[in-house]
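# What the coordinates show
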Amino acid sequence: MTEHQFKITLAQLNPTVGDVAGNAAKARAARAQASADGGELLVLPELFITGYPPEDLVLKPAFQAACRAAVEELARETADGGPAVLIGTPWVEDGKLYNACALLDGGRIAALRFKANLPNYGVFDEKRLFARGPAAGPMTIRGIRVGVPICEDIWLEESEDYENVVECLAETGAEMLVVPNGSPYARDKSDLRLSIAVARVTESGLPLVYLNQVGGQDELVFDGASFALNADLSVAAQLPAFTENITTLLWRKTDAGWRCSGPVAPIVDGDKGDYAACVLGLRDYVEKNGFPGVLLGVSGGIDSALCAAIAVDALGAERVRGVMLPFRFTAQVSLDDAAKLADALGFRYEVLPIADAVNGFEKILSGTFAGLPRDITEENLQARTRGTLLMAISNKTGAMVVTTGNKSEMSVGYATLYGDMNGGFNPIKDIYKTEVFRLSSLRNSWKPDGALGPSGEVIPVNIIVRPPTAELRENQTDQDSLPPYDMLDGILERLVEREQPLVDIIAAGFDPAVVTRIDRLLNIAEYKRRQAAPGVKVTQKNFGRDRRYPITNKFRDTGKSLPAPDQTLVSRAARGSAEAFEG
């Protein structure tokens, strides 16, 4: 190492959960690149050897042993004098399992750091998996004292359960902070990450390197977007989002401490971030699970059109198959728009009329249904016929069915179990209908870096401006059953993301009867959502890991104000105060 210089290679990579050998190979290749770039320390993301999050897989002793063996082999390889490696791994010590970072250098495991603050909210439940590590001092890497807080170690605010890891590192002589992360994407999260990092730099006076993984893992998408801050809070480097990237940063020691000036890629957030997350999430779900491609029902409507664009951008047109499944209520304009969509995006497209199948089901059921009026049952037969046919093609070809229901529909149950809900993955499951319109218009004027679809107008404008309809009966539109989508989504965002009481939503100006009805629909549709395909998370609270409501649930918000808590009714003994037990 040249005096007063230190080269850190950031490996913003896309691991696969459970692929220990493949993840180790990625680490090995990254180290070779770091060596070629003159890097002295290669940094890999949190729990990189397992892929993140490993969930209960990490509790299997055989998996723990495989991870340790892979890390030990990587450690032996550092005897060649090349870059040291900081890698995330599970680690068992004294019968306890830790979320750890191991420093590999000189042919051995030179140091270990255990995560102290374990997240237990939203999509995280690390407290049930890992033991809490102690606050520790910095690691000495090539003569430099490097503090290694792991992800949540820089996130939590002061509390009884909080270990101030950064403060401890600063007090014990750390010269800089290197933070390995497994931080999933959520809308506008980049601002939150930066504010957290700024707070830690301000408190410690130390520069900070924030390395995040990239890629899709089930419903989670990791956007990368790693960065570094100098001690004066200036941006030292910003890596691109939603793509793998290996960058070596040159840090120089000045009178004021370590400082770096590296590449700064643009931030991708807002609607562009959501769209890019949907593309990456679908791509990795298909690739990592070994599907040859995808197919989807193309209705001529906006939801399936947006999903088709996402699929083509993720996989390329040659791996996407669209199927139009018309019945007598399908308008000619729907057939025309679906064909235009397929032509614009370039995917394989076919039309399979379903009249014979639907009429056949109705004939079989005619005796059972004798004397009963026609109702939604017959409408659902159409959706379930389509679902059956799509699944048959999936079985025959191996292609995965993409489900196309948006978050508004998933919220209120405006979807048919074993019909349009059939499928393996839903890229727009966490996208409200109003956002579907926005993302569709956005895609016609922009596409993310690395997208495999064509540029320009790929979703016919008529699909975007035409009133949405399920076309399950004559002259049907969504607004026959639901309030206007801007109103519906405004209510749902308050109910789902903010968990607001009905009285507050009504006070915001929404019609009481509509609010009460939407709340009821949200509650009774829980059993449908529990059976729905996984889908990309883009909001702060998706249906899945974030929002775990019971299916059997009799509580209902009445929409009326309740009295404030009466603290005079709660005795000291009830609170468990020490004074109550004196004497």
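Residues numbered from 1 in each chain as written. Predicted model: local features only at pLDDT ≥ 70, side-chain atom pairs only at ≥ 80, totals over all residues. Heavy atoms only, no water.

### Observations regarding the overall build of the protein chain
Looking only at helices and strands, the protein chain features 17 helices and 19 strands. Taking the principal axes of the C-alpha coordinates as reference, the protein chain spans close to 85 × 70 × 45 Å. For the protein chain, the proportion of its 583 residues judged to be buried stands at 54%. Taking all contacts inside the protein chain whose residues are at least 6 apart in sequence as the whole, residues at least 24 apart take part in 73%. (Helix = DSSP H or I, 4+ residues; strand = E, 2+ residues; numbered from the N terminus. Buried < 20%, exposed > 50% of the residue type's maximum accessible area, 1.4 Å probe, protein only. Contact = heavy atoms within 4.5 Å.)

### Side note on the pairing of strand 1 (residues 5-12)
Of all the eight residues making up strand 1, six are buried; the element is thus mostly covered by neighbouring parts of the structure. The pairing of strand 1 with strand 2 (residues 41-43) spans three bridges and is classified as parallel. Across the sheet, T9 pairs through a bridge with L42, a residue of strand 2. Traced from strand 1 through helix 1 (residues 20-36) to strand 2, the parallel crossover comes out right-handed. (Pairing = 2+ DSSP bridges. Right-handed = clockwise from strand over helix to strand, strands pointing away.)

### Concerning the environment of R321
Its place among the elements puts R321 in strand 17 (residues 320-324). Residue classification places R321 among the buried positions, given a relative accessible area of 17%. The spacing of R321 and L97 is 224 residues in sequence and 45 Å in space, taken between C-alpha atoms. Not counting the four nearest positions on each side in its chain, R321 is found in contact with V294, L295, L296, F347, R348, E350, I393 and T397. Of the polar contacts made by the side chain of R321, one reaches the side chain of E350; its length is 2.6 Å. (Polar contact = N/O pair within 3.5 Å; in protein donor to acceptor, adjacent residues only side chain to side chain.)

### Details of the nonpolar core
L282, L341, F347 and I459 are the most contacted members of the largest nonpolar core, which totals 52 residues. Those elements giving two or more residues to this core turn out to be helix 5 (270-288), strand 16 (294-297), helix 6 (302-315), strand 17, helix 7 (332-345), helix 11 (433-443) and helix 12 (461-465). Of the residues forming this core, the biggest block, eleven residues, is contributed by helix 6. In contact with I459, not counting residues within four places along its chain, are A305, L306, A309, L341, S440, N444 and I464. Counting 28 residues, the second largest nonpolar core, distinct from the first, contains L10, L41, M139 and L211. (Core = buried A, V, L, I, M, F, W, Y, C linked by side-chain atoms within 4.5 Å.)

### Overview of the sheet that holds strand 15 (residues 257-260)
Here seven strands make up an open sheet; going across it, the order is 5-4-3-2-1-14-15 and the pairing mixed. Each edge of the open sheet carries a strand with a single partner, namely strand 5 (108-114) and strand 15. Within this sheet the neighbouring strands show an average axis-to-axis angle of 35 degrees, counted without direction. Strand direction decides the pairing type here: strand 2 and strand 3 (residues 84-93), joined by three bridges, are parallel. Bridge pairing links V43 to L86 in strand 3. Here helix 1 sits on the sheet and contacts strand 1, strand 2, strand 3 and strand 14 (245-254); the angle it forms with strand 2, its principal contact strand, is near 140 degrees. (Axes fitted to C-alpha atoms, helices over the stretch in contact; angles between N-to-C directions.)

### Some remarks on the sheet that holds strand 16
Overall, parallel pairing links the four strands, which are arranged 18-17-16-19 in an open sheet. What marks the edges here is a single partner per strand, and that holds for strand 18 (348-351) and strand 19 (400-401). In this sheet, strand 18 lies alongside strand 17 in parallel orientation, the contact comprising four bridges. From the neighbouring strand, R321 faces strand 18, where its bridge partner is R348. Helix-sheet contacts for helix 7 involve strand 17 and strand 18, and the interaxial angle to strand 18 is about 160 degrees.

### Structural notes on unusual backbone geometry
Between Y52 and the following residue, P53, the backbone shows a cis peptide bond with an omega angle of -5 degrees. Secondary-structure assignment places P53 in the loop between strand 2 and helix 2 (61-77). Positive phi outside glycine occurs at D188, with the angle close to 65 degrees. Summarising the element assignment, D188 is placed in the loop between strand 8 (176-181) and helix 4 (189-204). Using a relative accessible area of 40% as the deciding quantity, one classes D188 as partly exposed. One non-glycine residue with positive phi stands out, namely L233, at about 75 degrees. By the element assignment, L233 lies in the loop between strand 12 (227-229) and strand 13 (235-238). The partly exposed category is assigned to L233, whose relative accessible area is 36%.

### What about the environment of T516?
Positionally, T516 belongs in helix 15 (residues 512-524). Overall, the relative accessible area of 39% leaves T516 in the partly exposed class. Taking the C-alpha atoms as reference, T516 lies 65 Å from G106; in sequence the two are 410 residues apart.

### Comments concerning the packing of helix 6 against helix 11
At a minimum axis separation of 10 Å, helix 6 and helix 11 run at an interaxial angle of 50 degrees. As the angle between them shows, helix 6 and helix 11 are arranged oblique. Crossing geometry of helix 6 relative to helix 11 is assigned as left-handed. Residues I302, D303, L306, A309 and D313 of helix 6 form the contact with helix 11, whose participating residues are K433, V436, F437, L439, S440 and R443. When its residues are assigned to classes, the contact of helix 6 with helix 11 shows six nonpolar, one polar and four charged. (Parallel < 35°, antiparallel > 145°, perpendicular 65-115°, else oblique. Left-handed = near helix turned anticlockwise from the far one by under 90°. Nonpolar A, V, L, I, M, F, W, Y, C, P; charged D, E, K, R; others polar.)

Interpretation in functional terms is not warranted from these geometric data alone.
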